[in-house]
Amino acid sequence: MKKTLLPVLVILLLAWLVLRPGLREGSLSSNPQRSTTRLVMGSLATITTWNVPDALERRAVAEAFAAMEEVDRQLSRHRPDSEVSRINQAPRNEAQALPPTLLEVLQAGLALSEATSGRFHLGLEPLIRLWGFSAETPPTQPPPAETVAAWKQAWPGLDGLRLVREGETTRIILANDRVGLDLGGIGQGYGADRAAAVLREAGVVNALIDVSGDVRVLGSKGEFPWRVGIQNPRQPGGTVAVVGLRGDTALVTSGDYEQFYLYNSRRYHHILDPLTGEPAQSQLASVSILAPQAMLADALSTAFFVVGAQAGQELLRRFPGVEALWVTTNGVIGATGGFPQP
């Protein structure tokens, strides 16, 4: 009797496990929200999905992280094998080949450089090294004034980075040794956009991608929007606003609280102004940009921070559908008319 019944019980148990909701491939788990965090592009990145079948979620999220890793392999100046490092190590004033990804990012960045008269620039790698913000040991005091003055004297401005057409190929020319590619003000946003594209192509409708504060969303969180907090630049862990995001959009914040030190009662931060060769003194503590793409929001948040609130609002008029919220160094909050209310 027992020998006859045991195989039947095993078959019934296996059938229950296979058919049980949430366990068969393609089914939904009991919790509609799932988050995965990995170290990518030099930062912690989290992808959160809503109401996505388990098997699809695992595959799509893995592919999205792989896409961001590929972006990093091309755009990171910290990786010796990246395309950016290859160009930075090449002789100056000689045209260098560009892969499609890097060309796309450079074209977007150069357009913004033109719009800001060079105040936003993708060629500040030597200046960033001079200030020590790329070093493993964070700086504690500014570089000697004469070294900054020497950089300014040799800085070629908008002509420092040029794209040239050679037949069907576009190449890049760096003018002199005061110019080197640093895509920190635009690259993470581009990576978030690539991750969103991969998720969408895989069939994921609702997702939030957070790359160290660069937020890109798809769809919504069920009936509700994705809720994203904007950090208070002077109160760690505090927020100045919570924004609801739906659809295909991005929210990116740049501020003087991310990498900084105090020296002689002055705050020195990592957002540098090529006009002065020093950290931007725009009287802003943070800028949050809402835009259709994270790459655009990333670049505009940096540019707005450098030029200041008045010029920043003028800049945004060139980009329909883009809104901003900013916090001044004395704590005053400002926003463009279309920025969503909490």
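Everything numeric in this text was worked out from a predicted model, so none of it was measured. (Residues numbered from 1 in each chain as written. Predicted model: local features only at pLDDT ≥ 70, side-chain atom pairs only at ≥ 80, totals over all residues. Heavy atoms only, no water.)

A. Summary view of the overall build of the protein chain. Looking only at helices and strands, the protein chain has 9 helices and 17 strands in total. With respect to the three principal axes, the spread of C-alpha positions in the protein chain is 95 × 50 × 40 Å. Counting only residues that meet the buried cut, the protein chain has 50% of its 342 residues in that class. Contacts in the protein chain between residues far apart in sequence, at least 24 positions, make up 60% of those at least 6 positions apart. (Helix = DSSP H or I, 4+ residues; strand = E, 2+ residues; numbered from the N terminus. Buried < 20%, exposed > 50% of the residue type's maximum accessible area, 1.4 Å probe, protein only. Contact = heavy atoms within 4.5 Å.)

B. View of unusual backbone geometry. Non-glycine residue Ser117 carries a positive phi angle of around 55°. For Ser117, the position within the fold is in the loop between α4 (100-115) and α5 (125-131). Here the phi dihedral of Gln283 falls at roughly 65°; this positive angle occurs in a residue that is not glycine. By secondary structure assignment, the location of Gln283 is in the loop between β14 (278-279) and β15 (284-291).

C. Layout of the pairing of strand β8 (residues 226-231). Only one face of β8 is covered, namely the face carrying Trp226, Val228 and Ile230; the face carrying Arg227, Gly229 and Gln231 is uncovered. In this structure, β8 lies alongside strand β9 (residues 239-245), joined through 6 bridges in antiparallel fashion. The residue bridging Arg227 from the neighbouring strand is Gly244, located in β9. (Pairing = 2+ DSSP bridges.)

D. Just the pattern of salt bridges, in detail. For the structure shown, the criterion picks out 20 salt bridges. Asp81 is the partner of Arg79 in a salt bridge, and the nearest nitrogen-oxygen pair spans 3.8 Å. On the basis of relative accessible area, Asp81 is assigned to the exposed category, the value being 57%. A salt bridge links Arg86 to Glu83; the shortest N-O distance between them is 2.7 Å. Here Arg86 pairs with Glu83, and both are found in helix α3 (residues 83-89), just 3 residues apart, close to one helical turn. Here Arg86 falls in the partly exposed class, since its relative accessible area comes to 31%. (Salt bridge = Lys/Arg side-chain N within 4 Å of Asp/Glu carboxyl O.)

E. The packing of aromatic side chains, seen in detail. Tallied over the entire structure, the rule returns 6 aromatic pairs. Here the aromatic rings of Trp151 and Trp155 are separated by 4.8 Å at their centres, their planes lie at 20°, and the arrangement is stacked. As far as the burial class goes, Trp151 and Trp155 line up, both buried. Each residue in the set Trp131, Phe133, Tyr261, Tyr263 and Tyr268 is aromatic and connected to the rest through ring pairs, giving one cluster. (Phe/Tyr/Trp six-rings, centres within 6.5 Å; stacked < 30°, edge-to-face > 60°.)

F. Region of interest: the nonpolar core. Formed by 78 residues in total, the largest nonpolar core has its most connected members in Met68, Leu183, Leu199 and Ile289. Contacts of Leu199, omitting those with residues within four sequence positions, involve Ile47, Ala60, Val61, Ala64, Val204, Ala207, Ile209 and Leu218. Val217, Ile230, Ala241 and Leu290 belong to the second-largest nonpolar core, a separate cluster that totals 15 residues. (Core = buried A, V, L, I, M, F, W, Y, C linked by side-chain atoms within 4.5 Å.)

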